[in-house]
Amino acid sequence: MITCTQNLSPALKYFSKVIVITVLFFNMPGSLIAQTDEPGKTIKIDSVIIRARTASHNLMEKPYTEPNSILPSISRLTRSDIAKTGATNVVEAMNFVPGALIETRGRQVKQFFSVRGQKYPYPDYAVNGVWQKEFEEIPYFFSASDIEEIEIIRSSAALLTGLSGLTGLVNIRTREYTSPETNAEVDYGTFNTLHAHVSNGNKLGDFSYAAGLGYDKTDGPSGKHSAEQMTNLYTQLGWKPSEKLNVKANLFILDGSREMRIAELPADKRYRDMIQNFDPIRTILTNLKTVYRPNNVLSTEVQLFYSHRNPTFNDEVKQTSSNEKDYEYGLNFIQSVAVTPFNTLRFGGLYNRWIAPNGKRFYTGKRCDVETYSAVLVDEHRIGALTLDGGLRVSGSYLNEYGAFNIEGDGASFKNVTSIQDEWEPADIQGSLGASYNAGNWFSVFFNSAAGQVKPRRGTLTNDLNVPHNETRYKMDLGFQGNFPDAGNVTITAFSVIQKKAIALSGKTYLDPATNITRELYVNRDQNQYGIEVEYKGQQLWRIIRPLVNFTAMKSYMDENGRMVTNKENPVFISAAGLFANRSSFDLNLLWKYVSKFENERFAAPADGPQPLGDYFTLDLTAGYTLKGKVPVRFYVRGRNLNDRHYSTVIGYPDYGMMISGGVQVKL
């Protein structure tokens, strides 16, 4: 009897057949073939078990999968993982991945997520693989109940998803259903905080659907001007008429409002005097994805997308309003070709048109109309247990009209600046090389390197009111993964990020005479980050408890007057740990987070200089009891920051402290 592992790639299947034939027809040492001179006699032999390394990703089924060499630097949070953290939105769900830092403030963008000191720009977002050019205000409102998985590419090496490769990427994959399911949940807690959500989905023959409706609100602490409310509607339709064709359409509608929290000391007085809000905030995100796989060697994916964001910014002191509407649409295309059983070539492109009729945020009042084009080529080649990969991406933007810069050193005349029209920006080129080696089922080694340019965000200005230079960035990752059946999984990754002319906050500001908005100013300076990440995901102990531990140690440097000094704007240590317990009808999830001290002068008075931030640990808990029956009902309690630490990640906006909520979930 010959037994082979299932789901092997065509190359491995072919290789397995060769091994089987060799074993059966050649008398190898320890031969399993009995010798006999009797014709026609059946000889029973022992089983031959062939174990082959299965691919960690199928590039035919999922053409947009990033190269295997950055696998140790990718965190994937499943729906179950998200539920254990008690998160209600995307940003909260990512708090416990290796090296995660969430900066919370009361400005237009409430929360920024970063890893490995990757800031200015911060990591980009994609929804179901579709890159979002302007998305910073949305993740905090994006309901976690509609998410199937969050993929966080902590490395600066993504090539295939949008244009965010050198700043990291967060890809949100939404709920899908293969059988009938209905879920409802509601909870209420501190600060009159309410979370409610209902969802339903099913698969009916060739068709599938998903739908979710949620509502979240909070009054925030008294006197902080921090009330928020948001309604989320999510729908997905899927059609798979054959194994060759798969079509999915998604629609998101978000509608709500948000008061911007008033800053506290030691923030500068001008921030403490600001009373502002977004009312309303309206967003529509929709995309259509088609995957066509006519045979085993070809696969095509096409994505069409449209996003429309329509926030109204209100200044309650100046009694002014401005509409910051913007929209984008475009097309992504990727083609996978299995050139040989051991080589897969992928190539494709992106077109994105972004229009902000009235400008946006710091450049309100100046119309923006930008078309972006990109082409990408990635190749992976397998040589036994070794996989080599390389890729190249070229991108460029055409400015139909753009008035957010071209100041030429005279900020006083900003409102009279002539917009740039009908002009190409210089092209950006990014490349990567990587390798991975699988030494069996228990140990793997990964190496990835990348280089390219990072452009300043639109509207960014330096201290002399000019546009910053493009940053040139180099990065390297060296990762090790161990899989120990009796102990768990361990991942260790060493990384370095070298930034030439990095785009960093200068600490200075400028009052824009055109809009009366204070603009933050930037500098170009060299920066380096070196670090190591360790993550351990344990096996279940005593059939009850599963541990999780991750730790990031990072050293950051920056250029100061011609010499490299320690960059105190990034923490040195970030760590998280968890214990996830499940016994009978009870579940309990305990999570711990630590961030070492760092400093910044953003939002501080100029005379005060950098202020201390970080240096905190928090303890979160989610516990529940499920009444099991035809209709399971789970009663639960959530506790956030149980040690009531009023820490700050941004000057003037300390955490609210301990928050408790209780609720009920029903699953049909």
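Described below are features of the structure shown in this document. (Residues numbered from 1 in each chain as written. Predicted model: local features only at pLDDT ≥ 70, side-chain atom pairs only at ≥ 80, totals over all residues. Heavy atoms only, no water.)

### Quick word on the nonpolar core
Argument step 1. The biggest cluster of nonpolar side chains holds 36 residues, and the ones touching the most others in it are Met94, Phe113, Tyr125, Phe142 and Ile150.
Argument step 2. Secondary-structure elements contributing two or more residues to this core are helix H3 (90–93), strand E6 (124–127), strand E8 (147–153), strand E9 (169–174), strand E13 (228–242), strand E14 (245–260) and strand E15 (276–295).
Argument step 3. Here Phe113 is in contact with Met94, Val97, Ala100, Leu101, Ile102, Tyr122, Pro123, Tyr125, Ile152 and Val170, once residues within four sequence places are set aside.
Argument step 4. Ranked by size, the runner-up nonpolar core spans 16 residues in total, among them Leu101, Ala267, Val650 and Tyr653. (Core = buried A, V, L, I, M, F, W, Y, C linked by side-chain atoms within 4.5 Å. Buried < 20%, exposed > 50% of the residue type's maximum accessible area, 1.4 Å probe, protein only. Helix = DSSP H or I, 4+ residues; strand = E, 2+ residues; numbered from the N terminus. Contact = heavy atoms within 4.5 Å.)

### A look at the sheet that holds E6
Argument step 1. The strand order across the open sheet formed by five strands is E3-E8-E9-E6-E7, and the pairing between neighbours is mixed. The open sheet has two edge strands, strand E3 (74–78) and strand E7 (130–132), and neither has a second partner. Direction aside, neighbouring strands of the sheet carry axes that sit 20° apart on average.
Argument step 2. Relative to E7, E6 is paired through three bridges, and the arrangement is antiparallel. Within E7, the position partnered with Val127 by the bridge is Val130. (Pairing = 2+ DSSP bridges. Axes fitted to C-alpha atoms, helices over the stretch in contact; angles between N-to-C directions.)

### Overview of the side chain of Ser444
Argument step 1. Structurally, Ser444 can be placed in strand E25 (residues 443–454).
Argument step 2. The residues contacting Ser444, other than those within four sequence positions of it, are Tyr437, Asn438, Gly479, Phe480 and Gln481.

### Details of a nonpolar patch on the surface
Argument step 1. A surface patch of nonpolar side chains, about 740 Å² in accessible area, is lined by Phe447, Met476, Leu478, Phe480, Ile492, Ile532, Val534, Phe551, Val572 and Phe573.
Argument step 2. Mapped by element, the contributors of at least two residues to the nonpolar patch are strand E27 (471–484) and strand E29 (517–538).
Argument step 3. Counting through the fold element by element, Phe551 comes out in strand E30 (residues 545–560).
Argument step 4. Under the relative-accessibility criterion, Phe551 is labelled partly exposed at 34%. (Patch = residues over 30% accessible without salt bridge, like charges linked within 9 Å, V, L, I, M, F, W, Y side chains within 5 Å. Areas by Shrake-Rupley, 256 points an atom, 1.4 Å probe, with all protein chains shown as cover. Salt bridge = Lys/Arg side-chain N within 4 Å of Asp/Glu carboxyl O.)

### Structural notes on the packing of aromatic side chains
Argument step 1. Scanning the entire structure with this criterion turns up 23 aromatic pairs.
Argument step 2. Between Phe586 and Tyr625 the ring centres are 4.8 Å apart and the planes differ by 55°, which places this aromatic pair in the tilted class. With Phe586 in strand E33 (residues 586–600) and Tyr625 in strand E34 (residues 611–627), this residue pair connects regions lying 39 residues apart in the sequence.
Argument step 3. In this structure Tyr625 comes out as partly exposed when scored by relative accessible area, which is 33%.
Argument step 4. Each ring, one from Phe603 and one from Tyr653, has its centre 5.9 Å from the other, and the planes form 85°; the classification is edge-to-face. With Phe603 in the loop between E33 and E34 and Tyr653 in the loop between strand E35 (633–640) and strand E36 (659–667), this pair connects stretches of sequence that are 50 residues apart. (Phe/Tyr/Trp six-rings, centres within 6.5 Å; stacked < 30°, edge-to-face > 60°.)

### Considering the pairing of E34
Argument step 1. Relative to E34, E33 is paired through 14 bridges, and the arrangement is antiparallel. The partner of Asp587 across the bridge, within E34, is Gly624.
Argument step 2. Examined bridge by bridge, E34 and E35 share seven bridges and lie antiparallel to one another. From the neighbouring strand, Ala623 faces E35, where its bridge partner is Val637.
Argument step 3. Linking E34 back to E35 in an antiparallel pair, the connection comprises five residues.

### A closer look at the environment of Lys568
Argument step 1. Within the secondary structure, Lys568 sits in the loop between strand E31 (563–566) and strand E32 (573–583).
Argument step 2. Between the C-alpha atom of Lys568 and that of Pro610, which follows or precedes it by 42 residues, the distance is 9.4 Å.
Argument step 3. Not counting residues within four places of it along the chain, the set of residues in contact with Lys568 comprises Phe598 and Glu599.

### Here's the deal with unusual backbone geometry
Argument step 1. At the junction of Leu265 and Pro266, the peptide bond is cis and its omega measures out at 10° in the coordinates.
Argument step 2. In this fold, Pro266 is placed in the loop between E14 and helix H4 (269–272).
Argument step 3. Pro280 follows Asp279 through a cis peptide bond whose omega is 5°.
Argument step 4. With respect to the helices, strands and loops of the structure, Pro280 is situated in strand E15.
Argument step 5. The phi angle at His225 is positive, at roughly 55°, despite the residue not being glycine.
Argument step 6. Summarising the element assignment, His225 is placed in the loop between strand E12 (207–218) and E13.

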